[in-house]
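Secondary and tertiary structure notes
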Amino acid sequence: MATTQSQGKRRRAASTPAKNGSKGSPNSKTEPRLGSDALVSLYQKMVEIRLFEDAAQRGFRQGKVGGYMHVYSGQEAVATGFLDTFREPDYAITAYRDHAHVLLLGSDPKAVMAELYGKGTGLVQGKGGSMHLFDVSNGFYGGYGIVGGHIPLGVGMAFAQAYQKTGGITQLYLGDGAIHNGAFHEAANLSGLWGRDGLNPCLFILENNQYGMGTSVERATANTDLGKKFESYAIEHTKVDGMDLEAVLKVAHDAADRVRETGKPFAVEALTYRIMPHGAADFLEKYRTKEEVRKWRERDPIGLLEKRLEDEGVEESTIADIRTAAKAKMDEAVKFAEESPEPDIAELLTDVYTDDAPVQAAG
Ligand SMILES: Cc1ncc(C[n+]2csc(CCOP(=O)(O)OP(=O)(O)O)c2C)c(N)n1
Ligand SMILES: [Mg+2]
């Protein structure tokens, strides 16, 4: 059963359209939806991500989640805002802090939670774990644990989209730590170069949460204006307050339209903050003060959006109902993960090597 399922996934072509993308021709613009109904629906997504992360963190502490895990709490407005622009046949790729991205693209929280638990019903049959989520059917190409390792892949995906004239763009998420990795500089150089000919519709989303593990941006580089790193490669860029969903939405839609229209890369630095430790087992935070964390928690993107919704006249009961429903959904995901079977032993041999390798000529 498990084998059939994964073979089915493998058969999907790389250009399979994402289920979750908004409709419309690839060239039409996507206006940000800023009315209170739209904001309420995005609020619901952000709350679901936060509660998913809380549940995952509990599962990790109980020893039920294997491998390692990094939660996205505090950064929700960034992926929520940018993925609001996502449409068929776009692609998205990120590093290991990837739960939010895959959920926003439409993966079932039950399958994602089961993946963290290493179960056979998991998104990638329990073989990827938290850091290696993948869902091609929704346009999500991972989930990578090697810092910076996914950046050349994302630039290559964008090249493929232009080369194959799919009309899609690639959203490539990276951290403030990853930008110092050599892979970024080589890939950004090619992105700028190919972009000159309209061959790199890559939207770089630099999630500057101000730390790479315990190293602050100030301690990692002498040039702390991280967007400037893109200038070396002739990639235009801008900044946004990554805690403010509405600000992110506006910048994200402009940026995505621009990349779609020109085939050139563009970068947005979103200033954000992770309110949780770097990884699920890291609790000794000697590199930042409690006072600093408290200060940023006052700008928690979910709290800010709640205030905004109140100003818009959204009823308190609407907010409460969203929270209750999200909690029930995540409880259900945990129950599913806990009750799911271990992966079938046959899974050891699936999705390891491709079936599509060219046959080598003899001699
Ligand atoms: C090539 C490589 N070097 C070091 C590590 C260890 N490591 C894991 S996460 C991390 C920090 C990356 O920071 P950033 O890109 O800002 O992402 P964030 O964790 O803040 O989301 C490091 C150095 C790694 N996984 N891969
Ligand atoms: Mg960081």
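For the structure given in this document, a descriptive report is provided here.

Rules and cut-offs
Residues numbered from 1 in each chain as written. Chains lettered and ligands numbered in written order. Predicted model: local features only at pLDDT ≥ 70, side-chain atom pairs only at ≥ 80, totals over all residues. Helix = DSSP H or I, 4+ residues; strand = E, 2+ residues; numbered from the N terminus. Rg over C-alpha atoms; globule rule 2.2 N^0.38 Å. Buried ≥ 20, exposed ≤ 12 C-beta atoms within 10 Å, placed from the backbone. Contact = placed C-beta atoms within 7 Å. Near = placed C-beta within 6 Å. Nonpolar A, V, L, I, M, F, W, Y, C, P; charged D, E, K, R; others polar. Axes fitted to C-alpha atoms, helices over the stretch in contact; angles between N-to-C directions. Parallel < 35°, antiparallel > 145°, perpendicular 65-115°, else oblique. Left-handed = near helix turned anticlockwise from the far one by under 90°. Expected span 1.5 Å × (residues − 1). Pairing = 2+ DSSP bridges.

What follows deals with the overall build of the protein chain. Assigned secondary structure in the protein chain consists of 13 helices and seven strands. At 20 Å, the protein chain has a C-alpha radius of gyration in line with the 21 Å of a compact globule built from 363 residues. Across the 363 residues of the protein chain, 46% fall into the buried class. Counted over contacts in the protein chain with a minimum sequence separation of 6, partners at least 24 positions apart contribute 78%.

What follows covers the site of ligand 1. In the vicinity of ligand 1 there are 13 residues, among which V147, G175, G177, A178 and G212 approach most closely. Partitioned by chemical class, the residues of the shell around ligand 1 number five nonpolar, six polar and two charged.

Examined against the element boundaries, T262 turns out to sit in helix α10 (residues 245–262). Residue T262 is classed as partly exposed on the basis of its C-beta count, with 14 C-beta atoms lying within 10 Å. Distance in space between the C-alpha atoms of T262 and L39 is 29 Å, their sequence separation being 223 residues.

What follows covers the packing of helix α5 (residues 109–116) against helix α13 (residues 316–339). Look at α5 against α13: their axes get within 8 Å of each other, and the N-to-C directions meet at 45 degrees. Considering their axes alone, α5 and α13 lie oblique with respect to each other. When the axes of α5 and α13 are compared, the crossing they make is right-handed. Judged by residue contacts, P109, K110, M113 and A114 of α5 engage K329, M330, E332, A333, V334, F336 and A337 from α13. Taken together, the residues of the contact of α5 with α13 sort by class into eight nonpolar, no polar and three charged.

With that out of the way, let us pick up α10. Within an α-helix, residues lying three or four positions from one another point in the same direction, as the helix has 3.6 residues per turn. In this model α10 runs 26 Å from its N-terminal to its C-terminal C-alpha over 18 residues, within 8% of the 26 Å that 1.5 Å per residue would give. Here α10 has its buried residues at L245, V248, L249, V251, A252, H253, A255, A256, V259 and R260. Backbone geometry just downstream of α10 places G263 in the positive-phi region, at approximately 75 degrees.

All right, on to the pairing of strand β2 (residues 170–175) then. Counting buried positions over the six residues of β2 gives six, a clear majority of the element. Bridge count for β2 against strand β3 (residues 202–208) is six bridges, and the pairing is parallel. In the strand pairing of β3, T170 is matched with C202.

Taking 1.5 Å as the rise per residue, helix α2 (residues 36–61) with 26 residues should run 38 Å; its terminal C-alpha atoms sit 37 Å apart, in good agreement. Remark: G63 follows α2 within two positions and exhibits a positive phi of approximately 80 degrees.

The sheet built from five strands is open, its strands ordered β1-β2-β3-β7-β6 with parallel pairing. In this open sheet, the two strands that pair with only one neighbour each are β1 (91–93) and β6 (236–241). The sheet shows a mean angle of 20 degrees between the axes of neighbouring strands, direction not considered. Of the pairings in the sheet, the one linking β3 to strand β7 (residues 266–271) comprises six bridges and is parallel in character. Counterpart to N208 in the pairing with β7 is L271. Along the sheet, helix α6 (residues 150–163) contacts β1, β2 and β3; its crossing angle with β2, the most-contacted strand, is approximately 165 degrees.

We now examine the environment of R308. Tracing the backbone shows R308 in helix α12 (residues 301–311). Residue classification places R308 among the partly exposed positions, given that 16 C-beta atoms sit within 10 Å. Along the chain, R308 and S36 lie 272 residues apart, while their C-alpha atoms are 9.1 Å from each other.

Contact geometry for α2 and α12: axes closest at 10 Å, N-to-C directions at 155 degrees. In this view, α2 runs roughly antiparallel relative to α12, as classed from their interaxial angle. Between α2 and α12 lies a crossing of left-handed hand. For the pair α2 and α12, the contacting residues are S36, L39, V40, Y43, M46, V47 and R50 in the first and P301, I302, L305, R308 and L309 in the second.

By themselves these figures say nothing about function.
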